[in-house]
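The lines below spell out each chain.
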Amino acid sequence: MQKIHLNGRWRARRVGSRSYLDATVPGCIHTDLLDAGLIGDPFYRDQELDAYWVAMSDWEFTRELTVPAAFLRHERVLLVCHGLDTLATVRVNGKTVAQTDNMFRIYELDVRPHLREGKNVLSITFASALKYTEVKDRERRLPGWYSDAKVGVHGYIRKEQCNFGWDWGIRAVTCGIWRDIELIGCSGSRIEDVKISQDHSRGSSVLLHLAVASDGAQNGPVRVQTRLTLEGREVARIDLPLVSGHAQGELRVPRPRLWWPNDLGDQPLYLVEVVLTADGERLDSWSKRIGLRTLELERKADAWGESFQFVINGRPFFAKGANWIPADAFNNRTGPERYRDLVASASEAHMNMLRVWGGGLYEEEVFYDLCDEYGICVWQDFMFACTTYPTYDAAFMANVEEEAKENVRRLRHHACLALWCGNNELEQGLVGPRWTDETMSWKDYSRLFDDLLPAIVREQDGATSYWPGSPHSPCGDRSDHRNPECGDAHLWDVWHGMKPFEWYRTCGHRFNSEFGFQSFPEPKTVETYTEASDRNVTSYVMEHHQRSGIGNRTIIHYMLDWFRLPTGFEETVWTSQILQGMAIKYAVEHWRRSMPRGMGTLYWQLNDTWPVASWSSIDYFHRWKALHYMARRFFEPCLLSAVEDAETGEVEVHVTSDLLEARSWELRWIVTDAAGKTLMAGKKAVRVPKSSDRVVTTLKLLKLIDVHGIRNLLVWLEAWEGGGCVAENLVMFARPKHLDLDQNPAIDLSVKRNRNGSYEVALKSKSAALWVWLELAAADARMSDSFIHLRPGRIKRISVTPREPIDLRAFEKQLVVRSLVDLSRSAPRKTSGTTSARRAR
Ligand code: BMA
């Protein structure tokens, strides 16, 4: 087999125009126009609006290629387009060879008859997806959730749905050759498909069933040689004959090393290499990394209804994580390093699951490879979200069938793959008894989500569970998507429903696959899209970078419920982050305590596609918001948390463990006044049983409340093991805005440079300081911990890793420490140090 790579330099022009610009493949027209200086950065202020014409135009991409005579002697010459976004007409030397309409499919086009030796011209024209959907919608309405955040009618086209805008996403409908493109010349047999199924029923060994299919007719015998290795060492091999294009065999893995989710064990990955040979000559090869494990969604009748839990290697585990959206509004900008940073960040926050949400993409291979490596299970939606779809149209269904087959085949071998899910939120009010202007019928819905997709998952995958939609309730009327007894739930009563955070504690749902709370990105990120005069959360530009209609208003509404009115813009931004972290912590701790009834919680959303106010815990520039630092604590494998009751003065202390073995802790509690003076302390040895939640003690503090009042009490919980503090939490009876905190906690810092270029900062304070965080005034850094609480007398050490190397002097100069009281005081922020903080000495 021979290949000619066609990535790299192309030319593009607006159809109808004579002037060309340079284009980069893989890529998209927006980034090409940006590179050529023909549009302004659509992420800056409201420049997105100036680029609207780009989406309303048709674009042609073209290049020349030289084909040697020998290449044309192959039996087949295929133009392989790994991703065309979306309404493409492919021409070779002026002759149309294909018209395609699905961004998620791979097209292999037989172009041999149209090629000639030497110079050839390849061109791909993309018709405006936006215009297309608008015309289709005029012919027949597709009911869906549309708002000012979106343009077009995305249900009509098999294109990244959020490319039309979302309630966190920019409206920049783009087009282009978004994945690799190449010319392949092949003669004889080629590997068409390899399927590996795992059999774990034999106890001490795992059996791998191998099924290889090949296309193309080969003269003479063909052999299929397969090798299985672990860390370079051969574990098994098999040599099979190819008979009528097929070969089947088994590989036995004695003493298998099993793959486990993050924090539950290791992630060993075995390499499977398949080589097709004839007369000792290599015809084609295929390789994949696999993890040996069983992983399924278990649903069985139990005391509360029907369970909804993931089971790895026979052990149920609590799923912790977030929803994943595309990592950039322009996909070609997400290289392997950006993927790595996001997946590693998920793992550092003790997540073990990400849900690849149905309005985005079947992600790049590298994303799933990283999830395999970091132990992040993937709940994979098919790409359908928040609208109805024309399932009455046979051509649409045939298109989707191919899309689903290809993507299931592409992803089925990944160790991380935990679930295939039909769609996002279609069952939630969009689907009804019949097609009308308002809805889609259950019959039309079923055709795709109850019949076609599960059949493809069964046939092409055979091992991974399928779930029709998120949320979905399998009991009773399926439109009852909030059933607390069975199925998964999207719980938006806090935020969209404006319920107080306390509402979370009333939920007993089995699995919360979405819930969320917004915040603003930090000032450094805001500065990239605003001018100084925009920096007020009600300014036009700040509202433009907020796509949830109720967004900024809702952040402020809840903020006033919990926190004092921040003094300025930056203080508002940081307060919003602490507020967001609190909301999600409040919810997650409750749901973790509800195990084994509730067995999973995935917050909305991990990441952002551009710099914007949103529900994300990591912003577009990969700056961790307060929530992400807090997630690292509330997702710890062993959680120490509490349920307080100001009326009775009781604090019910819980330990919740996800681990597969028990632990022994010393629980300590220190009750202080709001300034941090100790009023009472105690300790107790507690056993933390494996995979469970348990109340380990109930503190009775009514007398202290009577004497000091709820605004003047803090309960500091600590768990100690082997001489170290392994878990902490802080309980308060009053809203933070009402606490009688010392307005000058006098935080003292000392800085030490580590050999690897990171810094260790030791912090201590004279009085209690809440949500203390460090920042470098003009540089980015990741902290080992942030938004922590300081109790007088207790030193906390944080290691700070600057993104770029920085020397000690500059580090000390730039280091800023702040805490809650700095957000509502009247003195303005200084660039280094604050009124309550002394810089490193
Ligand atoms: C859910 C998601 C998204 C949306 C988010 C916030 O409904 O599935 O469609 O962005 O909530 O509103």
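Look up: the structure comes first, before these words.
My aim in this report is to walk through the structure given alongside it, one point at a time. Here the structure is a predicted model, which means the values were calculated and not measured. (Residues numbered from 1 in each chain as written. Predicted model: local features only at pLDDT ≥ 70, side-chain atom pairs only at ≥ 80, totals over all residues. Heavy atoms only, no water.)

Here's the deal with the side chain of Ser539
Consideration 1: For Ser539, the position within the fold is in the loop between α9 (523-529) and α10 (540-544).
Consideration 2: The exposure class assigned to Ser539 is buried, which follows from its relative accessible area of 13%.
Consideration 3: Polar contacts involving the side chain of Ser539 include one to the main-chain amide nitrogen of Met542, which spans 3.2 Å. (Helix = DSSP H or I, 4+ residues; strand = E, 2+ residues; numbered from the N terminus. Buried < 20%, exposed > 50% of the residue type's maximum accessible area, 1.4 Å probe, protein only. Polar contact = N/O pair within 3.5 Å; in protein donor to acceptor, adjacent residues only side chain to side chain.)

What to know about the site of the ligand
Consideration 1: Every residue close to the ligand is listed here: Trp166, Asp167, Trp168, Trp357, Cys386, Asn424, Glu425, Trp492, His496, Glu514, Trp604 and Trp615.
Consideration 2: Here Trp357 contributes a side-chain N or O atom positioned 3.1 Å from an oxygen atom of the ligand.
Consideration 3: A distance of 2.8 Å separates an oxygen atom of the ligand from a polar side-chain atom of Glu514.
Consideration 4: Considered on its own, the ligand offers 300 Å² of accessible surface; in the complex 94% of this is hidden by protein.
Consideration 5: Tallied by class, residues from the shell around the ligand come to seven nonpolar, two polar and three charged. (Near = heavy atom within 4 Å. Areas by Shrake-Rupley, 256 points an atom, 1.4 Å probe, with all protein chains shown as cover. Nonpolar A, V, L, I, M, F, W, Y, C, P; charged D, E, K, R; others polar.)

Section: helix α4 (residues 129-139)
Consideration 1: Along α4, the positions that sit buried rather than exposed are Ala129, Leu130 and Thr133. Buried residues of α4, seen end-on, are gathered within an arc of 100° and therefore sit on one face of the element. Structural note: α4 exposes Arg138 and Glu139 on the side pointing more than 90 degrees away from its buried face.
Consideration 2: Looking at the buried positions of α4, the neighbouring elements they touch are α2 (52-55). (Arc of directions from axis to C-beta. Contact = heavy atoms within 4.5 Å.)

A short note on the sheet that holds strand β10 (residues 118-126)
Consideration 1: Reading across from one edge, β3-β2-β4-β10-β7-β8 is the order of the six strands in this open sheet, with antiparallel pairing throughout. The strands lining the two open edges of the sheet, one partner per strand, are β3 (21-25) and β8 (95-100). Direction aside, neighbouring strands of the sheet carry axes that sit 30° apart on average.
Consideration 2: Sheet topology note: the strand β2 (residues 8-14)/β3 ladder contains five bridges and is antiparallel. (Pairing = 2+ DSSP bridges. Axes fitted to C-alpha atoms, helices over the stretch in contact; angles between N-to-C directions.)

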